[in-house]
Amino acid sequence: MTIIRSEDFKVRVLHLLTKYIKHHQEILEFCKVMDGYFLPLLFMKMCVSMFYHVFVPFAILHSKQLGLTLILVQYEACALTELLIFTLAGQILINKSEELHRNIFESPWYMCDVKYQKYILLVIMRTGRTTCISVGKLVPMSLALFLWMMKTAFSYLAVLRQVAD
C-alpha cells in the first residue's frame, strides 16, 4: 500500500481529524459538566426510584379505591418514562462515543505520513475508552441500567407480594 502524499489529501485528512477531535472534546466537556452537576442528583434518583418502583406497583395491586389506583398508575407511568429518558440520554452518549472511535479508526489514517499516523493513533487510543455519564461513579447510565432496574424492582415486587399474601 502506498502512502498518499498529495497536499489535497493531507488537508482533507487533517480537516477530518480536527473535526473528530473537536467532537470528542465537546463530548468530554459535556460529561464533565453533567458529572459535576447531576452526579448527586442521579445517584439519589436511582436509589429512590428502586423503592418506588417496588412500592407503587404494590400499592396499585392492593388498592381498593379506583381513584387512588388511577393516580398511582399515572404516577408510575410518569416515573418509568422519566427513568427511561435519563437512561436513553446516557445510552445516546455512549453510542456517539463509540461511533466517534469507529469513524476515526475506519478513516484512511494508515495512508498518511508517519507524523499524522502518530497523532491519529493517540486519538484512537483516547477515544477507545467509552465516554459515559455514571450513576454515583458506579454504573454507566444506559438502557442496560434501565432494564436491570426494572427487572430488580419487579423481582422485589414479586417477593413482596408473596410475603404479603
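As the structure is a computational prediction, the values presented were derived from the model and not from experiment.

Colleague: Got a sec to walk through the side chain of Thr87? Specific residues and values, please.
Modeller: Turning to its location among the elements, Thr87 is positioned in helix H2 (residues 66-106). With residues near it in sequence (within four places) discarded, Thr87 still touches Met141, Ser142, Leu143 and Phe146.

Colleague: Got a sec to walk through the environment of Glu98? Specific residues and values, please.
Modeller: Checked against the element boundaries, Glu98 lands in helix H2. The partly exposed category is assigned to Glu98, whose relative accessible area is 38%. Between the C-alpha atom of Glu98 and that of Asp35, which follows or precedes it by 63 residues, the distance is 19 Å.

Colleague: Pulling in residues and values, what's your account of the packing of helix H1 (residues 7-62) against H2?
Modeller: Packed helices, taken two at a time, are described by the angle their axes make and the gap between the axes. At a minimum axis separation of 10 Å, H1 and H2 run at an interaxial angle of 155 degrees. With respect to their mutual orientation, H1 and H2 come out roughly antiparallel. Between H1 and H2 lies a crossing whose hand is left-handed. A class-by-class count of the residues in the contact of H1 with H2 yields 21 nonpolar, five polar and three charged.

Colleague: Any details on a nonpolar patch on the surface? Residues and values, ideally.
Modeller: Side chains of Tyr37, Leu41, Phe43, Met44, Leu138 and Val139 sit close together on the surface and give an oily, nonpolar patch of about 610 Å² of accessible area. Among the elements that take part in the nonpolar patch, H1 stands out by supplying four residues, more than any other. When you line up the elements, Val139 lands in strand E2 (residues 139-140). Overall, Val139 belongs to the partly exposed group, its relative accessible area being 36%.

Colleague: Report on helix H4 (residues 143-164), specifying residues and quantitative values.
Modeller: Its 22 residues place the ends of H4 31 Å apart at the C-alpha level, agreeing with the 32 Å of an ideal helix rising 1.5 Å per residue. Buried within H4 we find Leu145, Phe146, Met149, Met150, Thr152, Ala153 and Leu157. Residues of H4 that are buried in the fold lie against H1, H2, strand E1 (134-135) and E2.

Colleague: Requested: an account of the packing of H1 against H4, with residues and values cited.
Modeller: Two elements in contact, H1 and H4, have axes whose closest approach is 9 Å; the angle formed by their N-to-C orientations is 45 degrees. It follows that H1 is oblique to H4 by the angle criterion. Seen along the crossing, H1 lies across H4 with a hand that is right-handed. Between H1, through Met46, Ser49, Met50, His53, Val54, Phe55, Pro57, Phe58, Leu61 and His62, and H4, the contact on the second element is made entirely by Leu145, Met149, Met150, Thr152, Ala153, Phe154, Tyr156, Leu157, Leu160, Arg161 and Ala164. Considering only residue class, the contact of H1 with H4 consists of 16 nonpolar, four polar and one charged.

Conventions we followed
- Residues numbered from 1 in each chain as written.
- Predicted model: local features only at pLDDT ≥ 70, side-chain atom pairs only at ≥ 80, totals over all residues.
- Heavy atoms only, no water.
- Helix = DSSP H or I, 4+ residues; strand = E, 2+ residues; numbered from the N terminus.
- Contact = heavy atoms within 4.5 Å.
- Buried < 20%, exposed > 50% of the residue type's maximum accessible area, 1.4 Å probe, protein only.
- Axes fitted to C-alpha atoms, helices over the stretch in contact; angles between N-to-C directions.
- Parallel < 35°, antiparallel > 145°, perpendicular 65-115°, else oblique.
- Left-handed = near helix turned anticlockwise from the far one by under 90°.
- Nonpolar A, V, L, I, M, F, W, Y, C, P; charged D, E, K, R; others polar.
- Patch = residues over 30% accessible without salt bridge, like charges linked within 9 Å, V, L, I, M, F, W, Y side chains within 5 Å.
- Areas by Shrake-Rupley, 256 points an atom, 1.4 Å probe, with all protein chains shown as cover.
- Salt bridge = Lys/Arg side-chain N within 4 Å of Asp/Glu carboxyl O.
- Expected span 1.5 Å × (residues − 1).

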